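Coordinate inspection notes
The residues making up each chain are set out below.
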Amino acid sequence: MVVPRRAQERGEGPTADTSAAGPLSEAHLLVTGGTGFLGQALLEKLLSSYPTTRISLLLRPRGSASGAERLDKLLKRPVFSRWRKQVGADAVRAAAAERVRVIDAELGNSEVALPTDLTAVIHAASTVSFDPPIDDAFRTNVQGVVDLYEAVRATGTTPHVVHVSTAYVAGARRGSVPEQSLDHTVDWRTELAAAGAARTSVEWDSRAPAVLRRALAQARREHGKSGPQSVAADAEKRRAEWVDKQLVEYGRLRAQTLGWPDVYTLTKALGERVAEELLAGAVPLSVVRPAIVESALRHPYPGWIDGFKMADPLIIAFGRGILPEFPGLPDGVLDVIPVDLVVNAILAAAAQPPATAQPTYYHVGSGARNPLTFREMYDNVRQYFTEHPMPDGGRGQVKVPTWDFPGSRRVERMLRAGERALSAAQQALLSVPANGRSRRWQDDLTRERDKVDFLRRYADLYGVYTEAEVLYTDAKLLALHRSLPPERVDAHGFDAAAIDWPHYLQQVHCPAITATVRRAAAGRAAGAAGLPVLARCEDDTVLAVFDMEGTLVASNLIETYLLARLADLPRAEWLPELADLARQLPKYLAAERRDRGEFVRTFLRRYAGADEAGLHRLVRDQLGDALLRRAFPQALRRVRAHRAAGHRTVLITGTVDVLVQPLATLFDEVVASRLHAVDGRYSGFLESPPLVGEARAAWLRRYAAAAGASLPDSYAYGDSYSDRPLLEVVGHPAAVNPDPHLYRHARARRWPVVEWHRHTLAPDDALVETVR
């Protein structure tokens, strides 16, 4: 039966050959990479469509989970959903138990013992990232191949090996590429040894004073207010990132000096050479080279995909309006091929070992039979997003850009100018006062930076692919397809000419890859109301921790001091006090920039000589109501809501303890600065170090342990980046009126960000009386 092309793409007509009589009937296959995109599709096809084929599945160990447990988890993935629905979950588990054996092994890191009755080996495992560190890429894509094929030879048998590579092993070149062995003289053993030694070399380099000094300086600028351990952790994180960045650059540059665009294609090319040297002439070898593998055309169902593949981040970014241009040749061919056609080609190759001792090579793509140009891809994707626009984060719908295809040089100039402008704007924004307007500016800046960063990353990664002028011939693949019995073509064919590109892109692929993004956007919009609903606690194990200045009350350490100081001075002495404070302000600001604790100590020296009993009376008789009326009504109601939910409330502040007394009745625990007093007068020194930055987090951990509280279930509220360590200790942090640094951090971590204002909901007398 011949099914029309459009009907095939909708998944109509036959979808599986359930007859045991087939080319792999009674075969025993070893499959690697079964948890990857291509490997999942392979496993599903074998289980659902080859009922008499046995499978040995090589999986990396995962903790204490057994092979059977990992297989059971794998069988619950969406790739098996249609088969599960057709035959039932019990039948799926029974088929797997009867026909699948899991082999625990990690290629590249361990020896592998294989069964001795294998019919074929399908090696589909690899690192598919284009820019991994060089040692990671070589460990999986070269050493892993060595380990597996030495294990094949050790069995003493001759199974047919199907080595899954990539069409892009041809490297950076123009013109047509034939289905044959690669023409190069690169010594894979030398390159493998050098890649393995690279990490040791770079690790040593990363500990040089110049690298450490730079990492430490950057960490201090970013995290100095949080404390020395935050600085140290960030400096070490930056050092490790520097190592990975260097190793990524090692891989990219080494590949380019040898004629490949990136370390992925280099290592896949060397993996082919390993297969040829270890296997050719000893066991049958077929090399299958897929091009850009994307979502399924028909099987297991149209649009099935696992994660984002090569083209998908670009499509999503375009639909979200963050890809205004991209380097690429409008007439260049994007060699896209649906994953189910690749699976069918691999299994057809596995069923037909080479007739001679020489390997057989197959290109699995669409460029030769059914080319899709970059311009056609753009036109189809643009039409899809014009008819089905993406949501714009509560601001309506995204209007997709129009590309002019300006070329890589112009895009590079645009990128450099954008990066310089955004860097300058970011530094300026971190210095402006924290308010709603500055936070909106920060959001706008973040969106623009996301656009530029995305374009930079993918222009560097994919520019060479979108500007390629190469054609991968597929005469051998077409001959293999035409050798299929007519009754197997519909369910097991792999002719790329069957793809209707407008239908596939607009009705199959784009809906599939945007579905998750649309659901996530809807979820974020639904959850954008702010603070979470409080869960009731009956056993006093949940804490609600509040900072005071800027979080609970609309004041800071300086304003609170002035409130008390001016209330105690005759009006005639106000001006000298204010003038002295103004003269000292640069010193205080410098201390604040260096370290929050230093600022608290420095500023509280102004209390030297103050009368202890007099300050207590002043707060009790005059300042109490004034302090309460500076409190944010939303904050007071949030504290009361926590108490009503059975939570233990805690106030942590650098303010002098006597000034906190009007709010103390709201809290089960108050931690504030205590001034040292001698003969009833304050000395200006503290009784103990102030709780700021990391000290607050350390105190909270000790307090929670002593109280038997659960920090993952607890809440914390703060407004300053110095509150970051405290906020990160609990499971429910919230940034309240955050400064620019904390706002940026909170948005990156997706913490709730709320703005509380005095003028929005002025506290009424009943609320003030309740606090009293």
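Below you will find a few notes about this structure. (Residues numbered from 1 in each chain as written. Predicted model: local features only at pLDDT ≥ 70, side-chain atom pairs only at ≥ 80, totals over all residues. Heavy atoms only, no water.)

1. Concerning the overall build of the protein chain
Across its full length, the protein chain holds 28 helices and 19 strands. The burial tally for the protein chain puts 53% of its 772 residues in the buried class. By sequence separation, contacts in the protein chain at least 24 residues apart represent 79% of the contacts at least 6 residues apart. Summed over all atoms, the accessible surface of the protein chain reaches about 34400 Å², with 51% contributed by carbon and sulfur. (Helix = DSSP H or I, 4+ residues; strand = E, 2+ residues; numbered from the N terminus. Buried < 20%, exposed > 50% of the residue type's maximum accessible area, 1.4 Å probe, protein only. Contact = heavy atoms within 4.5 Å. Areas by Shrake-Rupley, 256 points an atom, 1.4 Å probe, with all protein chains shown as cover.)

2. Comments concerning unusual backbone geometry
Pro 300 follows His 299 through a cis peptide bond whose omega is 5°. By secondary structure assignment, the location of Pro 300 is in the loop between β8 (292–294) and α11 (312–319). Positioned with a positive phi, Asp 540 is a non-glycine residue whose angle comes to about 60°. When you line up the elements, Asp 540 lands in the loop between α18 (501–526) and β12 (543–547).

3. Details of the pattern of salt bridges
Applying the stated criterion across every chain yields a total of 30 salt bridges. Residues Arg 139 and Asp 136 are paired through a salt bridge, measuring 2.8 Å at the closest nitrogen-oxygen approach. Of this pair, Arg 139 and Asp 136 both sit in helix α6 (residues 134–154), separated by three residues, roughly a single helical turn. The exposure class assigned to Arg 139 is partly exposed, which follows from its relative accessible area of 30%. Taken together, the salt bridges that share partners define one network made up of Asp 135, Asp 136, Arg 139, Arg 199 and Asp 244. (Salt bridge = Lys/Arg side-chain N within 4 Å of Asp/Glu carboxyl O.)

4. Thoughts on the packing of helix α2 (residues 37–49) against helix α12 (residues 339–351)
Here α2 crosses α12 at 65°, and the two axes come no closer than 10 Å. Along this stretch, α2 crosses α12, giving a crossing that reads as right-handed. For the pair formed by α2 and α12, the contact residues are Phe 37, Leu 38, Ala 41, Leu 42, Lys 45 and Leu 46 on the first element and Val 339, Val 342, Val 343, Asn 344, Ile 346 and Leu 347 on the second. A breakdown of the residues in the contact of α2 with α12 according to their chemical character gives ten nonpolar, one polar and one charged. (Axes fitted to C-alpha atoms, helices over the stretch in contact; angles between N-to-C directions. Left-handed = near helix turned anticlockwise from the far one by under 90°. Nonpolar A, V, L, I, M, F, W, Y, C, P; charged D, E, K, R; others polar.)

5. Topic: helix α25 (residues 694–707)
With 14 residues, α25 extends 20 Å from end C-alpha to end C-alpha; this agrees with the ideal 20 Å at 1.5 Å per step. Three or more residues of α25 are buried, namely Glu 694, Arg 696, Ala 697, Trp 699, Leu 700, Tyr 703 and Ala 704. Next to the buried residues of α25 lie α9 (228–258), β12, β13 (648–656), β14 (669–673) and α26 (724–729). Gly 708 sits one or two positions beyond α25 and adopts a positive phi of about 70°. (Expected span 1.5 Å × (residues − 1).)

6. Quick look at the packing of aromatic side chains
Applying the stated criterion across every chain yields a total of eleven aromatic pairs. Note on Trp 501 and Tyr 504: the rings are 5.9 Å apart at their centroids and 75° apart in plane angle, and the pair reads as edge-to-face. With Trp 501 and Tyr 504 both in helix α18, this residue pair falls three residues apart, about one helical turn. Here the aromatic rings of Phe 546 and Phe 667 are separated by 6.1 Å at their centres, their planes lie at 65°, and the arrangement is edge-to-face. Taken together, the residues span a long stretch of sequence, with Phe 546 in strand β12 and Phe 667 in the loop between α24 (657–660) and β14 at a distance of 121 residues. Considered together, Phe 546 and Phe 667 belong to a single accessibility category, that of buried residues. Put simply, the rings of Phe 546, Phe 667, Tyr 717 and Trp 756 pair up and form one aromatic cluster. (Phe/Tyr/Trp six-rings, centres within 6.5 Å; stacked < 30°, edge-to-face > 60°.)

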